[in-house]
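# Inside the fold
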Amino acid sequence: MFAIMLDDGAELRPLEPWQAEEFLAHLERARAAVDPWVPWATRSTDLDSARATLQRYADLAARDAGRLYGIWLDGTLVGGTMFVAFDATAGTCEIGCWLEPAGQGRGLITRAAGRLVDWAVRVRGIHRVEWLTRPDNTASRGVARRLGMRLDGVLREEFAYRGVRHDTEVWSLLAPEWAGVPAPTTPWAATRSPGDGPQRTGQP
């Protein structure tokens, strides 16, 4: 399985349907922290629904329309980042993230999301990368800033959560703005660990 070392004992690798049990256990730890921000956290409450969430992203990946990656810290799944949407023809994509408390404060999301931005821009030719978040999600807004994104505007009362409508901020980064960022020194690498599913090769 492909993995990117994020330092501090953390790695980024694909999160797939065969990992539903591990994913569900992680969500049980993470739910209180991520439920207000990640809609599918509310819907992934048992093994079948957790597997359905992962399968949805596997289907998106098969169509080159989205991808899902987990972040493992010292061998434990603690969060992840994903291409919520990916359109190579239009040259646009949206990146999202989540993280349980055990992984917070280490810069894991910034490093992981940065790898997705880099791959999207340098490898796939994406021109515009978007990041959507609520104004009160200070951690997410901080990641957008650290990635060099700019706030384009606010979609007023666009997102409904438990009967309350919230604003959505739209942040973005353009390919020319990423051009000055040094390319990663650690490439995507094929790794294999006990218990992994069938090994795959190729770009993520």
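All of these numbers come straight from a predicted model, not from anything done at the bench.

## Thoughts on the pairing of strand β6 (residues 128-133)
On β6, burial follows the alternation: V129, W131 and T133 on one face are buried, whereas R128, E130 and L132 on the facing-out side are not. As paired elements, strand β5 (residues 92-99) and β6 share three bridges and run parallel to each other. Paired with E94 across the bridge in β6 is E130. Viewed along the sheet, the connection from β5 through helix α4 (residues 108-123) into β6 turns out right-handed. Where β6 and strand β8 (residues 164-174) come together, six bridges link them in antiparallel fashion. Across the sheet, E130 pairs through a bridge with S172, a residue of β8.

## Describing helix α3 (residues 47-62)
Between its first and last C-alpha atoms α3 spans 22 Å; for 16 residues at 1.5 Å apiece the expected length is 22 Å, and the two agree. Where the residues of α3 are buried, they touch α1 (20-34), α2 (39-43), β3 (67-73) and β4 (76-87). Once α3 finishes, D64 follows within two positions and takes phi at roughly 55 degrees, a positive value.

What counts as what
- Residue numbers restart at each chain and count upward from 1, following the sequence in its written direction.
- Local features in this predicted model are restricted to residues of pLDDT 70 or higher, and side-chain atom pairs are both shown and tallied only at a pLDDT of 80 or more, whereas totals for entire chains, interfaces and linings draw on every residue.
- Excluding hydrogens and water, the side-chain figures rest on all heavy atoms present in the structure.
- The classification of residues rests on relative accessible area computed with a 1.4 Å probe and restricted to protein chains. Under 20% of the type maximum is buried, over 50% is exposed, and intermediate values are partly exposed.
- Strands are runs of DSSP state E lasting at least 2 residues, helices are runs of H or I lasting at least 4, and numbering of each runs from the N terminus.
- Strands qualify as paired when DSSP identifies two bridges or more between them.
- If you view a crossover with the strands going away from you and the path from the first strand over the helix to the second runs clockwise, you call it right-handed.
- In this analysis, the expected span of each helix is defined as 1.5 Å times one less than the number of residues it contains.
- Whether two residues touch is decided by their heavy atoms; if any such pair falls within 4.5 Å, the residues are in contact.

By themselves these figures say nothing about function.
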